[in-house]
Amino acid sequence: MTAIEVTDLHKSYRAASGRVPVFQGLSFAVGQGHSLALTGPSGSGKSTLLNILCGLEPADTGVVKLLGEDACLRSPDDWADLRRGRIGVVFQDSNLMPALTLEENVRLRADLAGQPFGPVLDWLERLGLAGLEQRYPDQVSGGQRQRAALAMVFAMAPDLILADEPTGSLDRHTASAVADELFRWQRHRGCTLVLATHDLSLADRCDQRLDLATGS
């Protein structure tokens with residue numbers, strides 16, 4: 001089964017000098033349970049593509065089939081439902097709710113996805129956050145917030161994970177441990193993973209790589 005199929009995708013932005021193209025006829029596919037690394041220099045469109053795949057940004061033209069359906073035909077409410085239950089997104093800025101503790105953020109994500117609360121503390125511990133559960137996002141480091149964001153995704157048990165530089169704010173040792181946990185969980189669950197990264201050693205762990213600078 002194909003989890004993601006993108007055909008002839010075009011995307012550009014308006015600038016003072018005119019339209020600036022990001023994608024011109026991009027096509028690729030990812031099988032269910034497989035992993036894809038998006039690579040390329042800053043400005044090549046990695047974050048833009050992830051935003052298109054989770055419905056936060058529209059493409060200009062092209063077809064995006066996601067989890068068996070034509071994503072281009074979905075309404076904003078449909079996209080919100082997908083992100084709530086079937087698509088886990090890890091943003092570069094972690095996207096935690098500042099008024100909730102780390103544990104409450106993870107529990108809320110599990111609840112919205114209809115998943116049990118049981119494994120929440122376990123995920124926080126496995127990601128190196130034991131003892132920090134009752135702290136608020138502004139009371140922990142950027143790397144710890146990023147790990148909490150991953151715990152949120154694991155707790156919701158999605159069919160697809162979209163991760164934007166998931167280890168970018170972590171030191172080398174912690175990044176390696178978190179990457180191990182990410183790939184272990186992805187393979188155990190059989191979910192699909194798309195991650196944007198500048199770390200080529202992380203990209204090499206994926207089943208496929210797509211360099212957005214070259215389109216291949």
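Residues numbered from 1 in each chain as written. Predicted model: local features only at pLDDT ≥ 70, side-chain atom pairs only at ≥ 80, totals over all residues. Heavy atoms only, no water.

(A) Seen up close, the overall build of the chain. When you go through the chain residue by residue, the secondary structure sums to seven helices and nine strands. Here the chain has a C-alpha radius of gyration of 17 Å; the compact-globule value for 216 residues is 17 Å, and the two agree. Its C-alpha atoms give the chain principal-axis dimensions of about 50 × 35 × 35 Å. Each of the 216 residues in the chain was classed as buried or not, and the buried ones make up 46%. Considering only residue pairs separated by 6 or more positions, the chain has 70% of its internal contacts joining residues 24 or more positions apart. By element, 48% of the accessible surface of the chain is carried by carbon and sulfur atoms, the whole surface being about 10,200 Å². With 21 positive and 27 negative side-chain charges, the chain shows a separation of 1 Å between the mean positions of the two kinds. (Helix = DSSP H or I, 4+ residues; strand = E, 2+ residues; numbered from the N terminus. Rg over C-alpha atoms; globule rule 2.2 N^0.38 Å. Buried < 20%, exposed > 50% of the residue type's maximum accessible area, 1.4 Å probe, protein only. Contact = heavy atoms within 4.5 Å. Areas by Shrake-Rupley, 256 points an atom, 1.4 Å probe, with all protein chains shown as cover. Lys, Arg positive; Asp, Glu negative; His and termini not counted. Charge placed at Lys NZ, Arg CZ, Asp CG, Glu CD.)

(B) Layout of the packing of helix 5 (residues 142-156) against helix 6 (residues 172-189). Here helix 5 crosses helix 6 at 10 degrees, and the two axes come no closer than 12 Å. Considering the angle they form, helix 5 stands roughly parallel to helix 6. Each of R147, L150 and F154 in helix 5 lies in contact with helix 6, whose residues at this interface are T174, V178, E181, L182 and W185. Its residues assigned to classes, the contact of helix 5 with helix 6 shows five nonpolar, one polar and two charged. (Axes fitted to C-alpha atoms, helices over the stretch in contact; angles between N-to-C directions. Parallel < 35°, antiparallel > 145°, perpendicular 65-115°, else oblique. Nonpolar A, V, L, I, M, F, W, Y, C, P; charged D, E, K, R; others polar.)

(C) Spotlight on the environment of G128. Within the secondary structure, G128 is located in the loop between helix 4 (120-126) and helix 5. When the C-alpha atoms of G128 and V178 are compared, they prove to be 8.8 Å apart, with 50 residues separating the residues in sequence.

(D) Local environment of a nonpolar patch on the surface. Together, M97, L108 and L112 give the surface a local cluster of nonpolar side chains, amounting to about 240 Å² of exposed area. Summarising the element assignment, M97 is placed in the loop between strand 6 (87-90) and helix 3 (102-112). Judged by its relative accessible area of 43%, M97 is partly exposed. (Patch = residues over 30% accessible without salt bridge, like charges linked within 9 Å, V, L, I, M, F, W, Y side chains within 5 Å. Salt bridge = Lys/Arg side-chain N within 4 Å of Asp/Glu carboxyl O.)

(E) Region of interest: the sheet that holds strand 2 (residues 18-31). If you walk across this open sheet you meet the four strands as 2-1-4-5, and the pairing is antiparallel. The open sheet has two edge strands with one neighbour each: strand 2 and strand 5 (69-70). Strand contacts of helix 1 (residues 46-53): strand 1 (2-15), strand 2 and strand 4 (61-66), with the helix running at about 120 degrees to strand 1, the strand carrying the most contacts. (Pairing = 2+ DSSP bridges.)

(F) Inspection of the pairing of strand 2 at higher detail. Pairing of strand 1 with strand 2 involves eleven bridges; the strand directions are antiparallel. Bridged to T2 within strand 2 is G31. Connecting strand 1 to the next strand, strand 2, in antiparallel fashion are two residues.

(G) Quick look at the packing of helix 3 against helix 5. Where helix 3 meets helix 5, the closest approach of the two axes is 8 Å, and the angle between their N-to-C directions is 30 degrees. Judged on the interaxial angle alone, helix 5 and helix 3 are roughly parallel. The crossing of helix 3 and helix 5 is right-handed. In contact with L102, N105, V106, R109 and A110 of helix 3, helix 5 contributes A148, A151, M152, A155 and M156. (Left-handed = near helix turned anticlockwise from the far one by under 90°.)

(H) Representation of unusual backbone geometry within the structure. For L67, which is not a glycine, the phi torsion comes out positive at approximately 55 degrees. Tracing the sequence through the fold places L67 in the loop between strand 4 and strand 5. Residue classification places L67 among the buried residues on the basis of a relative accessible area of 6%. Of note, N95 is a non-glycine position whose phi angle comes to about 60 degrees, a positive value.

(I) Expanded view of the packing of aromatic side chains. Following the criterion strictly, the structure yields three aromatic pairs and no others. With centroids separated by 6.5 Å and ring planes inclined at 75 degrees, the aromatic side chains of W123 and W185 adopt a geometry described as edge-to-face. On the criterion of sequence distance, the pair formed by W123 in helix 4 and W185 in helix 6 is long-range, its members being 62 residues apart. Each of the two residues, W123 as well as W185, counts as buried. Between F154 and W185, the aromatic rings sit 5.0 Å apart at their centres with planes inclined by 35 degrees, giving tilted as the arrangement. Taken together, the positions of F154 in helix 5 and W185 in helix 6 put the pair 31 residues apart, joining distant regions of the chain. With respect to burial, F154 and W185 carry one shared label: buried. An aromatic cluster is present here, built from W123, F154 and W185 joined pairwise through their rings. (Phe/Tyr/Trp six-rings, centres within 6.5 Å; stacked < 30°, edge-to-face > 60°.)

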